[in-house]
Amino acid sequence: MFKIIANRLVGPKIYEIIIKADKLIEQPQPGQFFNLKVNKLKSKDPFLRRPFSVFDFNPVSQQLTFVYRVVGRGTEILSSFKVGDSLDLLGPLGKGFTLPENKKSLHLIGGGIGIAPLYYLARVLADQQQLSIYLGAETKTELNFFQQKFSELKCSIKLTAMAEKLDFKGTALQLWLKNLPANKADFIYVCGPEKMLLAVEKEALARNIDGELSVEKRMGCGIGICLSCSCQSVESPLTRKRACIEGPVFKLGEVELDE
Amino acid sequence: MNKQQSATDLTEKIDLATVLKAKNGSHLKLKNPLITASGTCGNGHELAKFFDLNQLGAFTTKGITLQAQPGNKTPRIAESAAGIINSIGLENPGVDQFIAKKLPETAQYNLPILANISGYQADDFVNIAIKLAEQKEISGLEVNLSCPNIKGGGMIFGTDPENVFQITRKIKQVYPGYIIVKLTPNITDITTTALAAEEAGADAVALINTLSAMKIDIEKQKPLLANTYGGLSGPAIKPIAVKMVYQSYQKLTIPIIGLGGICSGSDVIEFLLAGATAVGLGSINLREPAAALRILAEIKDYLKKHQLNKLSSLIGAAHQ
Ligand SMILES: Cc1cc2nc3c(=O)[nH]c(=O)nc-3n(C[C@H](O)[C@H](O)[C@H](O)COP(=O)(O)OP(=O)(O)OC[C@H]3O[C@@H](n4cnc5c(N)ncnc54)[C@H](O)[C@@H]3O)c2cc1C
Ligand SMILES: Cc1cc2nc3c(=O)[nH]c(=O)nc-3n(C[C@H](O)[C@H](O)[C@H](O)COP(=O)(O)O)c2cc1C
Ligand code: FES
């Protein structure tokens, strides 16, 4: 059990929850996730844990942060946890992003709440690598918190929304493509809705740009025992990859994505 | 002797062992009644990160089919009140790859391995059983009859007593080891199929598998699972499972492995009282990977509280 230090609203239905992670056995890597029990007292309903990517981790203060959007029963309950309450979490789980050593220009492309795992990645990479961040959402208010956090790092950041013009008006993919001629990418990291992952992957592969993406599959266990999160590898339908073990981060072109 | 010592002594005197009797006398002895349920425990090493697997009574593999199966499309899992609905679709590498790759891994642990087998026609079960009969690491077969009979128009094997009888008998002819027939609850009277399994020579029955169910995504206005239908498991189905174990106990002479929604020591006790000789832990492993250890401790607490030193004395006790 871990103590909650903060759980506050930071955008429309978006919360930041900070946990005192003093009992973690392993330090999380960017792109890894935790599986959170969202019950109060001894309730077994909802039954399954909920997966959330690491938004940030500070090994000195031992603070572990998630940023989540309230979308249903579990996240609703999570948002009602108070400072001082205990939280049961399993992790770090899954395979995170590969941290490249001698790539020159790295692009991070995030859509909606899919921006969350990219922040920890950016924070870990920002001092050694040249980072360009492209973030998109429906509205500007969804981006405010992320904009503030990323702007504290050494990186260039561009924003877009569907509903209003920021640096651009449209999707994160469109924003990225518009800037690509002037700002070449050696390697990209993508996270967002599956439709967006598919679209970005297609454009990147067509340009021979290498990279990784993080998928959001519905999970049963998060630890590889139930096969709920099974992805079909591009090689063959019979080669399966579990998003919770072999993922959630995959190479571009590694697994089949759905519209 | 100090207090702490006497408490330990009492715990050590508690006998959690249970025996799954066999027709031919080669009983399956378990050090305790907890068996991981098929499809909810991976291949062993995943759970072994959370606790010493050797603490379990036995381990059941994911369903094995003759040929490799990719499984269903995702989403494969949905939630309902205190339950989950899954449609994994028997994703597995097929019996040959199971023997070559998976079995050696699971066999590292020092506990009986039950191989859960599935088929789409009667011959599939027979052919898998022939191959598994040569594997001495396997202590028995658990025959999953909750799958559609392709040649029989897609009807679920386990819903027809005659089918249950025929398949069990065919497997019995080629497999000399322990045979457990796992029954589907999607039937009016489960004792008809339980009796059919017993008459055909099954050593034990396991009940229940998941209940047929579905969920509709009201935003998309479409079924949530890619496969439309799935199987309901978890706490939501426990009372149904307890009833089915209780009913079957009244008619059968072979042992019953009870499962469905078990999450605690009290749940296990309830199944034992209803007539189960051993129990399966399924969905709980998804929520709490080390649940088995907690449950074992809770069982011991119950026995201590009731001043019982043998778990087996509880089996079927609710019928007296
Ligand atoms: C590896 C991974 C990392 C994630 N990281 C984040 C994050 O950092 N921030 C964030 O806000 N969300 C994240 N998600 C999505 C998050 O897990 C879901 O939004 C959440 O589980 C919804 O729960 P609910 O009870 O509110 O919704 P319900 O719809 O009531 O949930 C019902 C079931 O569906 C599952 N589910 C529903 N939506 C999703 C979804 N989009 N992806 C996966 N499972 C879903 C739930 O886990 C639950 O089992 C991540 C998902 C995965 C797989
Ligand atoms: C994700 C999942 C996968 C399952 N796979 C199998 C399987 O391959 N073969 C089988 O006989 N039963 C399978 N089952 C059924 C369980 O073994 C068990 O009978 C059922 O879930 C009821 O127990 P529970 O409520 O404790 O989960 C599966 C259940 C779940 C939840
Ligand atoms: S969520 Fe259970 S195997 Fe990945």
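Here the structure is a predicted model, which means the values were calculated and not measured.

> Would you mind going over the overall build of chain B with me for this structure?
Scanning chain B for helices and strands turns up 10 helices and 18 strands. Taking 2.2 N^0.38 as the reference for a compact globule, 320 residues should give roughly 20 Å; the C-alpha atoms of chain B span a radius of gyration of 19 Å, in line with that estimate. Taken along the three principal axes of its C-alpha coordinates, chain B extends 65 × 50 × 40 Å. Evaluated residue by residue, chain B yields a buried proportion of 55% over its 320 residues. Across chain B, every contact between residues at least 6 apart in sequence was considered, and the portion connecting residues at least 24 apart equals 70%. Total accessible area computed for chain B in this model is approximately 13,300 Å², and 52% of it derives from carbon and sulfur atoms. Of note, chain B has its 31 positive side-chain charges centred 1 Å away from the centre of its 27 negative side-chain charges.

> Sorry, what's going on with the sheet that holds strand β18 (residues 278-281) of chain B here?
In sheet architecture, strand pairing relies on hydrogen bonds along the backbone and comes in two forms, parallel and antiparallel. All names here are of chain B. If you trace the eight strands once around the closed barrel, you get β3-β4-β7-β8-β11-β12-β17-β18, paired in parallel fashion. This sheet shows a mean twist of 25 degrees between the axes of neighbouring strands, independent of strand direction. By the bridge criterion, two bridges tie strand β4 (residues 58-60) to strand β7 (residues 113-117) in an arrangement that is parallel. Pairing of Phe59 across the sheet is with Ile113, part of β7.

> Is there a simple way to explain the domain arrangement of chain A in this structure?
By a frequent convention, interface size equals the accessible area lost on bringing the separate parts together. Residues and elements named next belong to chain A. Here the domain parsing of chain A yields domain 1 (2-93) and domain 2 (105-251). Placing a centre on the C-alpha atoms of domain 1 and another on those of domain 2 gives a separation of 21 Å. Tallying the contact residues gives 24 residues for domain 1 and 22 residues for domain 2. The contact between domain 1 and domain 2 buries some 2,000 Å² in all, and 66% of this surface belongs to carbon and sulfur atoms. Interface area lost by domain 1 to domain 2 is led by Pro30, Phe55 and Arg69, which between them contribute 28%. The tally of links from domain 1 across to domain 2 stands at two salt bridges. One can count six residue pairs in polar contact (both at pLDDT 80 or more) joining domain 1 with domain 2. Among the secondary structure elements, those contributing two or more residues to the side of domain 1 that touches domain 2 are β1 (2-11), β2 (14-20), β3 (33-36), β4 (50-53), β5 (56-58), β6 (63-69) and β8 (89-93). Broken down by element, the side of domain 1 that touches domain 2 gets its largest block of residues, three residues, from β6. A per-class count over the side of domain 1 that touches domain 2 returns 15 nonpolar, six polar and three charged.

> Would you mind going over the environment of Ser146 of chain B with me for this structure?
Residue and element names in this part refer to chain B. Here Ser146 shows up in the loop between β8 (138-144) and β9 (148-149). The class for Ser146 is partly exposed, based on a relative accessible area of 25%. Separated by 38 residues in sequence, Ser146 and Thr184 place their C-alpha atoms 5.4 Å apart. Setting aside residues no more than four positions away along its own chain, Ser146 makes contact with Ile156, Leu183, Thr184 and Asn209. One polar contact links Ser146 to Asn209, side chain to side chain, over a distance of 3.3 Å.

> What am I meant to see in the UniProt feature "active site" (unreviewed entry) in chain B here?
All names here are of chain B. The UniProt feature table records "active site" (unreviewed entry) at Cys147. By relative accessible area, which is 2% here, Cys147 ends up buried. Excluding anything up to four places from it in sequence, Cys147 contacts Ser118, Gly119, Phe125, Met155, Ile156 and Phe157.

> Would you take a moment to explain the nonpolar core for this structure?
What tends to happen in soluble globular proteins is that the nonpolar side chains get buried as a cluster. Ranked by internal contacts, the top residues of the largest apolar core, which has 119 residues, are Trp176 and Ile188 of chain A together with Leu34, Leu132 and Ile171 of chain B. At six residues, the largest contribution of residues to this core is made by helix α10 (residues 291-305) of chain B. Inspection of this core shows a minimum of three residues originating in each of domain 1 (2-93) and domain 2 (105-251) of chain A. Residues contacting Leu132 of chain B, with those up to four places away along its chain left out, are Ile64, Val95, Phe98, Ile99, Ala115, Ile117, Ile138, Leu141 and Tyr175 of chain B.

> Please clarify how the state of the cysteines should be interpreted in this entry.
What makes a disulfide is a covalent bond joining the sulfur atoms belonging to two cysteines. A full pass over the atoms with the stated rule returns zero disulfides over all chains. Between Cys41 of chain B, a free cysteine, and Cys221 of chain A, which holds the nearest cysteine sulfur, the sulfur-to-sulfur gap is 11 Å.

> Before we go on, may I ask you to explain the site of ligand 2 in this structure?
As a structural note, the neighbourhood of ligand 2 is formed by 24 residues, with Ser38, Lys182, Gly234, Gly261 and Ser283 of chain B the closest of them. Mapping the residues adjacent to ligand 2 onto the chains of the assembly identifies chains A and B. The side chain of Asn144 of chain B places a nitrogen or oxygen atom 3.3 Å from an oxygen atom of ligand 2. Between an oxygen atom of ligand 2 and a side-chain N or O atom of Ser283 of chain B, the distance comes to 2.6 Å.

> How should I be thinking about the interface of chain A and chain B in this particular structure?
Chain A puts 29 residues into the contact, and the matching count from chain B is 33 residues. For the pairing of chain A and chain B, the buried interface totals around 2,700 Å² over both sides, and the portion due to carbon and sulfur atoms is 60%. Contact with chain B buries surface across chain A, with Phe47, Arg218 and Ile225 of chain A losing the most and accounting together for 28% of the total. Counting across the interface, chain A meets chain B through three salt bridges. Here Glu46 of chain B and Arg242 of chain A are joined by a salt bridge, their closest N and O atoms 3.2 Å apart.

> It is not clear to me how the packing of helix α4 (residues 172-179) of chain A against helix α5 (residues 194-206) of chain A should be interpreted in this structure. Could you clarify?
Residues and elements named next belong to chain A. Orientation of α4 relative to α5, taken along the N-to-C sense of each, is 20 degrees, at an axis distance of 10 Å. Comparing their axes, α5 and α4 come out roughly parallel. As α4 runs across α5, the sense of the crossing is right-handed. Facing α4, whose interface residues are Ala172, Leu173, Trp176 and Leu177, α5 presents Met196, Ala199, Val200, Glu203 and Ala204. Its residues assigned to classes, the contact of α4 with α5 shows eight nonpolar, no polar and one charged.

> Sorry, what's going on with empty space enclosed by the protein here?
Where empty space is left becomes clear once a probe the size of a water molecule has been rolled over the atoms. Taken as a whole and judged by the stated rule, the model has two cavities of 30 Å³ or more. As a volume, the largest cavity reaches approximately 60 Å³. Lining the largest cavity are Ile35, Thr36, Ala37, Ser38, Thr60, Leu114, Glu142, Lys182, Ala206, Ile257, Leu259 and Gly280 of chain B. For the lining of the largest cavity, the secondary-structure elements that each account for two or more residues are β3 (34-36) and β17 (256-259) of chain B. Taken together, the residues of the lining of the largest cavity sort by class into six nonpolar, four polar and two charged. In this structure, the second largest cavity occupies an estimated 30 Å³ of space. Surrounding the second largest cavity, Ile14, Arg69, Gly112, Ile113, Ile115, Ala137, Glu142, Leu143 and Phe146 of chain A form its lining. The residue makeup of the lining of the second largest cavity, split by class, is six nonpolar, one polar and two charged.

Rules behind the numbers
Residues numbered from 1 in each chain as written. Chains lettered and ligands numbered in written order. Predicted model: local features only at pLDDT ≥ 70, side-chain atom pairs only at ≥ 80, totals over all residues. Heavy atoms only, no water. Helix = DSSP H or I, 4+ residues; strand = E, 2+ residues; numbered from the N terminus. Rg over C-alpha atoms; globule rule 2.2 N^0.38 Å. Buried < 20%, exposed > 50% of the residue type's maximum accessible area, 1.4 Å probe, protein only. Contact = heavy atoms within 4.5 Å. Areas by Shrake-Rupley, 256 points an atom, 1.4 Å probe, with all protein chains shown as cover. Lys, Arg positive; Asp, Glu negative; His and termini not counted. Charge placed at Lys NZ, Arg CZ, Asp CG, Glu CD. Pairing = 2+ DSSP bridges. Axes fitted to C-alpha atoms, helices over the stretch in contact; angles between N-to-C directions. Domains from an automatic or database assignment. Buried area = accessible area lost by both parts, 1.4 Å probe. Salt bridge = Lys/Arg side-chain N within 4 Å of Asp/Glu carboxyl O. Polar contact = N/O pair within 3.5 Å; in protein donor to acceptor, adjacent residues only side chain to side chain. Nonpolar A, V, L, I, M, F, W, Y, C, P; charged D, E, K, R; others polar. UniProt positions renumbered as here; feature names shortened; annotations may be inferred. Core = buried A, V, L, I, M, F, W, Y, C linked by side-chain atoms within 4.5 Å. Disulfide = S-S within 2.5 Å. Near = heavy atom within 4 Å. Parallel < 35°, antiparallel > 145°, perpendicular 65-115°, else oblique. Left-handed = near helix turned anticlockwise from the far one by under 90°. 1 Å grid on protein atoms, 1.4 Å probe; cavity = no way out; pocket = protein on both sides within 12 Å on 5 of 7 lines; lining within 4 Å. Points joined across faces, edges and corners; volume = space filled by probe spheres on them.

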